[in-house]
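Here are the chains, one letter per residue:
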Amino acid sequence: MPLLPSGGRLARLTTHRAPKPVAAPAQSAGRAVNAALFLAVVAGFAWIVGMLYTVVQWQS
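Keep in mind that what you see is a predicted model, and the values were worked out from it rather than measured.

Asks: Would you mind showing me how to read the overall build of the protein chain here?
Replies: A count of helical and extended segments in the protein chain gives 1 helix and 0 strands. The proportion of buried residues among the 60 residues of the protein chain is 2%. Summed over its atoms, the accessible surface of the protein chain is roughly 6,000 Å², and 70% of this surface lies on carbon and sulfur atoms.

Below, the structure is given as structure tokens:
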């Protein structure tokens, strides 16, 4: 389809868009889940250390 046909008007342009990649939302969701799991492990470790510290303080 030529851009300027013989009539002097602009030809109809296509509006085709490439499909968005499917992997991007899955990667960010996986990254959020991994971050949440890491924070949960750190919080659990801190809780255990706090409980051990409390028990040791009660013993002395």
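Moving on from the coordinates now.
Asks: Looking at this structure, how should I read a nonpolar patch on the surface?
Replies: Together, W47, I48, M51 and L52 give the surface a local cluster of nonpolar side chains, amounting to about 440 Å² of exposed area. Relative to the helices and strands, M51 resides in helix α1 (residues 23-59).

About the thresholds
As a convention, each chain's residues are numbered from 1 in the sequence order in which they are written. Two thresholds apply to this predicted model, a pLDDT of at least 70 for residue-level local features and 80 or more for giving and counting side-chain atom pairs, whereas whole-chain, interface and lining totals are computed over all residues. Neither water nor hydrogens contribute to the side-chain values; these are computed over all heavy atoms in the structure. Note on conventions: DSSP H or I runs of at least 4 residues are helices, E runs of at least 2 residues are strands, and numbering of each starts at the N terminus. Only protein chains enter the accessibility calculation, which uses a 1.4 Å probe. A residue is then buried if its area is under 20% of the maximum for its type, exposed if over 50%, and partly exposed in between. Where accessible areas are quoted, they stem from the Shrake-Rupley method and a 1.4 Å probe; at the residue level, only the protein chains shown are allowed to cover. Each patch is assembled from residues with relative accessible area greater than 30% and no salt bridge, linking like charges that lie within 9 Å and nonpolar side chains (Val, Leu, Ile, Met, Phe, Trp, Tyr) that lie within 5 Å. Salt bridges are counted wherever a side-chain nitrogen of Lys or Arg sits within 4 Å of a carboxyl oxygen of Asp or Glu.

Everything listed is a geometric property; what it means functionally is a separate question.
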